[in-house]
Amino acid sequence: RAADLRPEDGFIADSLGWVYYRTARYADAVRELERAVTLEPLDPVINEHVGDAYWQVGRHVEARFQWRRALNLEPEAKLVPVLEQKLRCGLDRCAVAGKAD
């Protein structure tokens, strides 16, 4: 309902897109999160979210681009290691010397 009332609000579009993502409706998530990042291109969290959605639909190069962009947008300190991990491994588990991170 909020998305209908405020269609130009990137943060609402991000919230809707994230609901789609969390319910495994990844194509819908991509559509909504791309709209959100267009409306709020300088928000690191929205850029991270669109990267996550891209990864889930197999668009790995674009996902890494968005995560790198999110890092360049000076995210909160707690988001930095999360983004760095995603850049190393995507959304898959990293293996280091035969052990998972």
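Data block above holds the structure.
Residues numbered from 1 in each chain as written. Predicted model: local features only at pLDDT ≥ 70, side-chain atom pairs only at ≥ 80, totals over all residues. Heavy atoms only, no water.

### Quick notes on the overall build of the protein chain
Stage number 1. What the protein chain contains, in helices and strands, is 6 helices and 2 strands.
Stage number 2. What you see in the protein chain, going N to C, is helices and strands ordered as α-α-α-α-α-α-β-β.
Stage number 3. The 101 residues of the protein chain split such that 39% are buried.
Stage number 4. Restricting the contact set of the protein chain to residue pairs at least 6 apart, pairs at least 24 apart contribute 43%. (Helix = DSSP H or I, 4+ residues; strand = E, 2+ residues; numbered from the N terminus. Buried < 20%, exposed > 50% of the residue type's maximum accessible area, 1.4 Å probe, protein only. Contact = heavy atoms within 4.5 Å.)

### Description of the packing of helix H4 (residues 44–56) against helix H5 (residues 60–72)
Stage number 1. Close contact between H4 and H5 brings their axes to 8 Å; oriented N to C, the two are set at 165°. For the element pair H4 / H5, the angle class is roughly antiparallel. Both H4 and H5 take part in a crossing whose hand is left-handed. Together, Pro-44, Asn-47, Glu-48, Val-50, Gly-51, Asp-52, Tyr-54 and Trp-55 of H4 and His-60, Glu-62, Ala-63, Arg-64, Gln-66, Trp-67, Arg-69 and Ala-70 of H5 make up the contact between the two elements. (Axes fitted to C-alpha atoms, helices over the stretch in contact; angles between N-to-C directions. Parallel < 35°, antiparallel > 145°, perpendicular 65-115°, else oblique. Left-handed = near helix turned anticlockwise from the far one by under 90°.)

### A look at helix H2 (residues 10–22)
Stage number 1. Look at H2: 18 Å from first C-alpha to last across 13 residues, which is about the 18 Å you get at 1.5 Å a residue.
Stage number 2. Those residues of H2 that sit buried are Gly-10, Ile-12, Ala-13, Asp-14, Gly-17, Tyr-20 and Tyr-21.
Stage number 3. After H2 finishes, the residue Ala-24 shows a positive phi value of roughly 65°. (Expected span 1.5 Å × (residues − 1).)

### Describing the side chain of His-49
Stage number 1. If you trace the backbone, His-49 turns up in helix H4.
Stage number 2. Its relative accessible area of 10% is what places His-49 among the buried residues.

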